[in-house]
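Summary of structural features
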Amino acid sequence: MNRILQQCIVAAIVGTLAACATRLPEAPSPATPALPTAPVLPEAPPYVVPGDTGPLPAPITQGKSRWTAVRWAELPGFGQDALHEAWNAWIKSCERPGPVQAPLCKEVRGLSIGSGDEQRAWMVARLQPYKVEPLQGSSDGLLTSYYEPLLDGTRNPTSASAVPLYRPPATLGQRKPWYTRQEMETLPEAKAQLAGRAIAWLSDPVDALVLQIQGSGRLRITEPDGSLRLVRLAYAGTNDQPYKSVGRWLLDQGLIRDATWPGIKAWILQNPQRVNELLWSNPRTVFFREEVLSEFDAAFGPRGAQGVALTPGRSIAVDPASIPYGTPVWLVSPGPWAPLQKLVFAQDTGSAITGAVRADYFAGWGPEAGELAGRLKQPLKLWVLWPK
């Protein structure tokens, strides 16, 4: 996916605010695997390791963060997580592991058929939990969420579908920054350089913005012969213009109080004549490349910055200066939308996801994942699980 997470859904809504050419069935794609509906409660008993009383390792400074060793009993809910649900994400990380994690991968693969108790015991034996904290300043963290939109489009423009999604123009590297979003739609020279570069066309410019903010998505394209093709549009570059939050623009104008995507969309429905003004407030545009989406690939998310497919509910985007790619992480986030205590993996990143205790939670794809991604903004605590 390698998407730019400064364009993550939360940044979009206030800087904090995811085949073959034959007719497909009506269902647009496999459903996102169900996210947890009964998260572990904070009062769950601690996971006590008998004899875990010896001296702890010294703290580790990792880029922008300080890691402080803790006992396993300090990880809320560690004894209750369904680890088998996370193990496939771990195996995905082992497709491109970092040098510290690579020696564990043979054992990780061997435990894919192990019980939860066996997996937990192995983690305790081979890993040391460290609480992640900033080098200075508040230790309060923030969890947001992103997803992979699922949209309908056409291969050619029509009266109903006139919003283009572009592959990178040939002159993209010759001019930095490239034209703004508004200039791309209004200047003849910019439009000439985009001629013939459209991958597909959407009916709603706001859907196009959401897709660009997420940096990747699934598109069900109607071909000229009427057949449907399910593809993935993956991030392929930007116009190098600064990212501006449309939610922040609305707040600064005093036009809304609810800067979530549902709140933004409600304002758009009431003010259709101001849509261009809203969109042009963000000069940044994302370009895409089209990827075939096989039935197998459709069961996974897009590739994150680590280079492996993301797993709904088990992949997070982090600041790699604080947490290296492929690191298993214990995540705790209390909140009304998704109270979480679970094993996740650092598999993606982006310039909006900065700092020691900051993560973006991959929710999956489709409307339900989009609803969560548009609303999730909760406190966060992180523990990295580092090889002993």
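Refer to the structure printed above.
Each value, and the rule that gives it
- Residues numbered from 1 in each chain as written.
- Predicted model: local features only at pLDDT ≥ 70, side-chain atom pairs only at ≥ 80, totals over all residues.
- Heavy atoms only, no water.
- Salt bridge = Lys/Arg side-chain N within 4 Å of Asp/Glu carboxyl O.
- Helix = DSSP H or I, 4+ residues; strand = E, 2+ residues; numbered from the N terminus.
- Buried < 20%, exposed > 50% of the residue type's maximum accessible area, 1.4 Å probe, protein only.
- Phe/Tyr/Trp six-rings, centres within 6.5 Å; stacked < 30°, edge-to-face > 60°.
- Lys NZ or Arg CZ within 6 Å of the ring centre and 35° of its normal.
- Polar contact = N/O pair within 3.5 Å; in protein donor to acceptor, adjacent residues only side chain to side chain.
- Contact = heavy atoms within 4.5 Å.
- Pairing = 2+ DSSP bridges.
- Disulfide = S-S within 2.5 Å.
- Axes fitted to C-alpha atoms, helices over the stretch in contact; angles between N-to-C directions.
- Parallel < 35°, antiparallel > 145°, perpendicular 65-115°, else oblique.
- Left-handed = near helix turned anticlockwise from the far one by under 90°.
- Nonpolar A, V, L, I, M, F, W, Y, C, P; charged D, E, K, R; others polar.
- Core = buried A, V, L, I, M, F, W, Y, C linked by side-chain atoms within 4.5 Å.

Focus: the pattern of salt bridges
One pass over the full model with this rule turns up 17 salt bridges. With a closest N to O distance of 3.3 Å, Glu 85 and Arg 314 form a salt bridge. Here Glu 85 is found in helix H2 (residues 83-93), whereas its partner Arg 314 is found in the loop between strand E10 (286-292) and strand E11 (315-317), with 229 residues between them in sequence. Given a relative accessible area of 3%, Arg 314 falls into the buried group. Close ionic contact of Arg 155 with Glu 223 constitutes a salt bridge, the shortest N to O distance being 2.9 Å. Of the two residues, Arg 155 sits in the loop between strand E5 (150-154) and strand E6 (163-166) while Glu 223 sits in the loop between strand E8 (217-222) and strand E9 (228-238), which places them 68 residues apart along the sequence. A cluster of three or more residues bridged by salt bridges with shared partners is formed by Arg 155, Glu 223, Arg 229 and Glu 290.

Focus: the packing of aromatic side chains
Throughout the structure, instances matching the rule amount to 13 aromatic pairs. Pairing Trp 90 with Phe 345 gives two aromatic rings, centres 5.2 Å apart and planes at 50°, and the pair type is tilted. Taken together, the residues span a long stretch of sequence, with Trp 90 in helix H2 and Phe 345 in strand E13 (residues 340-348) at a distance of 255 residues. For the pair formed by Trp 90 and Phe 345, the shared burial category is buried. Taking the centre distance of 4.9 Å and the plane angle of 85° together, the rings of Trp 178 and Tyr 179 count as edge-to-face. Look at Tyr 179 and you get buried, because its relative accessible area is 6%. Three or more aromatic residues joined by ring pairs form one cluster here, namely Tyr 47, Trp 72, Phe 78 and Trp 330. Sitting over the face of the ring of Phe 300, Lys 92 holds its NZ or CZ atom 4.0 Å from the ring centroid. Over the ring of Trp 365 we find Arg 218, and its NZ or CZ is 3.9 Å from the ring centre.

Focus: unusual backbone geometry
Cis geometry marks the peptide bond from Lys 176 to Pro 177; its omega dihedral reads -10°. If you trace the backbone, Pro 177 turns up in the loop between E6 and helix H5 (181-186). Look at Asp 240: it is not a glycine, yet its phi comes out positive at around 65°. The exposure class of Asp 240 is partly exposed, given its relative accessible area of 37%.

What to know about the side chain of Arg 232
Mapped onto the fold, Arg 232 is located in strand E9. Accessibility expressed as a relative area gives 6% for Arg 232, which makes it buried. Among the polar contacts listed, one links the side chain of Arg 232 to the backbone oxygen of Phe 300, at a separation of 3.0 Å. If near-sequence neighbours (up to four positions away) are discounted, Arg 232 is found in contact with Glu 148, Ser 216, Gly 217, Arg 218, Arg 289, Glu 290, Glu 291, Leu 293, Asp 297, Phe 300, Gly 301 and Pro 302.

What about the pairing of strand E3 (residues 127-134)?
Burial analysis of E3 places 7 of its 8 residues in the buried class, which makes it a mostly covered element. Examined bridge by bridge, E3 and strand E15 (residues 377-387) share 5 bridges and lie antiparallel to one another. Within E15, the position partnered with Gln 128 by the bridge is Trp 386.

Quick notes on the state of the cysteines
Overall, the coordinates contain 1 disulfide when judged by the stated rule. Here Cys 94 connects covalently by a disulfide to Cys 105, the sulfurs 2.2 Å from one another. Judged by the sign of its S-S torsion, about -90°, the cystine formed by Cys 94 and Cys 105 is left-handed. With Cys 94 in the loop between H2 and helix H3 (105-110) and Cys 105 in helix H3, this pair connects stretches of sequence that are 11 residues apart. You'll find Cys 94 and Cys 105 in the same group, each marked buried.

A word on the packing of H2 against helix H4 (residues 116-126)
Look at H2 against H4: their axes get within 9 Å of each other, and the N-to-C directions meet at 60°. In terms of axis orientation, H2 runs oblique to H4. In this structure, H2 crosses over H4, and the sense of that crossing is left-handed. From H2, Leu 83, His 84, Trp 87 and Trp 90 reach across to H4, where they touch Gly 116, Gln 119, Arg 120, Trp 122 and Met 123. Of the residues contributing to the contact of H2 with H4, the split by class is 5 nonpolar, 3 polar and 1 charged.

Points about H4
At 3.6 residues per turn, the α-helix brings residues three or four places apart onto the same side. Residues Gln 119, Arg 120, Trp 122, Met 123 and Val 124 constitute the buried set of H4. Of the surrounding secondary structure, the elements contacted by the buried residues of H4 are H2, H3, E3, E13 and E15.

A word on the side chain of Thr 154
Relative to the helices and strands, Thr 154 is located in strand E5. A residue is classified by how much of its surface remains accessible, and Thr 154, at 15% relative accessible area, is buried. A polar contact is formed between the side chain of Thr 154 and the backbone oxygen of Asn 156, at a distance of 2.7 Å. In this view, Thr 154 contacts Ser 161, Ala 200, Trp 201, Ile 221 and Thr 222; residues no more than four positions away in its chain are not counted.

A word on the nonpolar core
For soluble globular proteins, nonpolar side chains are generally found buried alongside one another. In this structure, Leu 143, Trp 261, Ile 316, Ile 323, Leu 331 and Leu 382 are the most contacted members of the largest nonpolar core, which totals 45 residues. Leu 75, Cys 94, Trp 122 and Leu 343 belong to the second-largest nonpolar core, a separate cluster that totals 24 residues.

Things to note about the environment of Ile 323
Mapped onto the fold, Ile 323 is located in the loop between E11 and strand E12 (328-333). In the structure, Ile 323 is positioned 22 residues away from Phe 345 in sequence and 10.0 Å away in space, judged by C-alpha atoms. Not counting the four nearest positions on each side in its chain, Ile 323 is found in contact with Trp 67, Val 132, Val 318, Val 329, Ala 346, Ala 356, Leu 382 and Val 384.

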